[in-house]
Amino acid sequence: MALKIIVWGTGNVGRPAIRAVMSHRDLDLVGVIVASKDKVGVDAGQIAGVGATGVIATDNWRSVIDAGADAVVYTATADTRPAEAMSDLLACLEAGINVVSTAFYSYLDPASTPEDALKPITDVCTRSGASLFVSGIDPGWVMDMLPVVLSGAVSGIREIRTREVFNYALYDQPHVVREVIGFGGPMDALPMMLHDFAIEMVWGPMVRLVGEALDKPVEKLEVKVERLPLQRTIEVPGMGTFEAGTQGAFRFEVLGYHGDKPLYALEHVTRIDDECAPDWPYPPEGRGCHQVIISGDPDLHVSVHGEDHYEPGLAGGGNASAANWVVNALPGVCAARPGVVTMMDLPRITGAGQLNNG
């Protein structure tokens with residue numbers, strides 16, 4: 001019997017999540033929850049850019065949850081509404097509904113989650129039997145699972161590095177680009193996302209997961225941040241003017257130490273203008289990619305980019321792959337033990353249920 005699935009949120013990750021549920025042989029889309037009044041009453045397939053599904057979007061989340069389901073794919077933002085998002089999450093779990101999400105960074109690695117944040121989740125899951133699986137948005141599978149798989153092809157490993165290189169003029173989230181990431185903002189003000197504690201909270205768990213999977217756990221994290229100003233004023237369609245002298249590029253590293261040296265590194269090289277930070281890494285081609293670089297024998301360089309058929313630009317492909325990862329994890333999550341689970345608690349996440357013989 002197919003698992004009954006709700007998709008909560010229909011933005012850059014929610015739309016591909018709807019399509020991924022619809023195309024999975026073992027999943028059945030039974031509800032879609034939206035925040036925008038313009039989407040209420042609209043067929044989920046229309047929102048996702050495909051044919052009609054008969055599932056009509058609603059902003060009455062309680063009615064959808066009360067109707068019952070096996071799992072929720074939660075893609076609504078938690079960055080700018082943390083209290084509301086946590087309330088949503090707890091309501092789902094309390095109802096005995098499993099949750100997969102790209103939003104709740106604190107639960108990427110429960111071993112490093114603060115106890116006061118972890119306890120409410122574990123308590124409700126113990127009562128209801130539900131499970132929670134969180135994967136990062138970078139997309140997370142490139143940052144935690146792919147380096148583990150690729151490490152099997154290298155000997156004498158000295159460092160495992162994951163990297164996102166991306167021009168955020170392609171990212172259709174103007175509020176996040178300006179207010180959270182800080183592009184176009186003054187250089188004397190450190191944006192929300194680039195504080196050490198924020199970087200460690202969002203990306204540190206993925207570094208720790210790699211260490212746990214390879215039996216060389218991270219004993220210390222170190223965060224390094226560099227920022228550079230725009231050298232020229234630019235116009236970005238849909239986002240407006242970014243003035244010369246404001247923040248135009250940043251580069252950060254999260255280094256994971258085992259012993260006295262960093263074995264793991266997660267790096268972001270992010271621009272709003274391709275001409276900014278010319279001495280920093282660029283994608284091998286195009287304007288964005290994700291990479292795994294393993295230093296050893298051989299030195300292994302793997303670059304990944306996605307081109308989605310429905311979502312525009314390189315950001316669309318990355319977002320779709322993040323959505324597909326959590327959707328394809330659903331059968332394993334629904335069968336998992338109660339509580340917060342990671343990739344190491346689940347069977348292999350594959351696209352077996354997505355194979356199309358038509």
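Before any of the text, the structure's been laid out above.
This text gives an overview of the structure that appears in the document. Model, not experiment: these values are computed from the prediction. (Residues numbered from 1 in each chain as written. Predicted model: local features only at pLDDT ≥ 70, side-chain atom pairs only at ≥ 80, totals over all residues. Heavy atoms only, no water.)

1. What about the overall build of the chain?
- Of regular secondary structure, the chain possesses 10 helices and 14 strands.
- Over its C-alpha atoms the chain spans a radius of gyration of 20 Å, differing by no more than 12% from the 21 Å that the globule rule assigns to 358 residues.
- With respect to the three principal axes, the spread of C-alpha positions in the chain is 55 × 45 × 45 Å.
- Relative to its 358 residues, the chain shows a buried fraction of 54%.
- Long-range contacts, defined here as pairs at least 24 residues apart, represent 71% of the contacts in the chain between residues at least 6 apart.
- As displayed, the chain has an accessible area near 15600 Å², and 51% of this comes from carbon and sulfur atoms.
- If you average the places of the 26 positive and of the 45 negative side-chain charges in the chain, the two averages end up 2 Å apart. (Helix = DSSP H or I, 4+ residues; strand = E, 2+ residues; numbered from the N terminus. Rg over C-alpha atoms; globule rule 2.2 N^0.38 Å. Buried < 20%, exposed > 50% of the residue type's maximum accessible area, 1.4 Å probe, protein only. Contact = heavy atoms within 4.5 Å. Areas by Shrake-Rupley, 256 points an atom, 1.4 Å probe, with all protein chains shown as cover. Lys, Arg positive; Asp, Glu negative; His and termini not counted. Charge placed at Lys NZ, Arg CZ, Asp CG, Glu CD.)

2. Some details on the sheet that holds strand E1 (residues 3–8)
- Reading across the sheet, the 6 strands line up as E2-E1-E3-E4-E5-E14 and stay open at both edges, with parallel pairing between neighbours. Strands with a single pairing partner mark the edges of an open sheet, and in this sheet they are strand E2 (27–33) and strand E14 (339–341). On average, adjacent strands in this sheet sit at an angle of 25° to one another, irrespective of strand direction.
- Bridge count between E1 and E2: 6 bridges; the pairing is parallel. Bridged to Leu3 within E2 is Leu27. (Pairing = 2+ DSSP bridges. Axes fitted to C-alpha atoms, helices over the stretch in contact; angles between N-to-C directions.)

3. Brief notes about the packing of helix H6 (residues 140–151) against helix H8 (residues 196–213)
- Where H6 meets H8, the axes come as close as 9 Å, and the angle between the chain directions of the two elements is 15°. The angle between H6 and H8 places the two elements in the roughly parallel class. Judged by the twist between their axes, the crossing of H6 over H8 is right-handed. Residues Gly140, Met143, Asp144, Pro147 and Val148 of H6 form the contact with H8, whose participating residues are Met206, Leu209, Val210 and Ala213.
- Of the residues belonging to the contact of H6 with H8, the class tally is 7 nonpolar, 1 polar and 1 charged. (Parallel < 35°, antiparallel > 145°, perpendicular 65-115°, else oblique. Left-handed = near helix turned anticlockwise from the far one by under 90°. Nonpolar A, V, L, I, M, F, W, Y, C, P; charged D, E, K, R; others polar.)

4. Description of the nonpolar core
- Among the nonpolar cores identified, the biggest contains 114 residues, and Val73, Phe133 and Ile272 are the most heavily contacted of them.
- The element contributing the most residues to this core is H8, with 7 residues.
- Among residues more than four places away in sequence, those in contact with Ile272 are Asn167, Tyr168, Ala169, Val177, Phe183, Leu230, Ile234, Val236, Phe242, Gln247 and Gly248. (Core = buried A, V, L, I, M, F, W, Y, C linked by side-chain atoms within 4.5 Å.)

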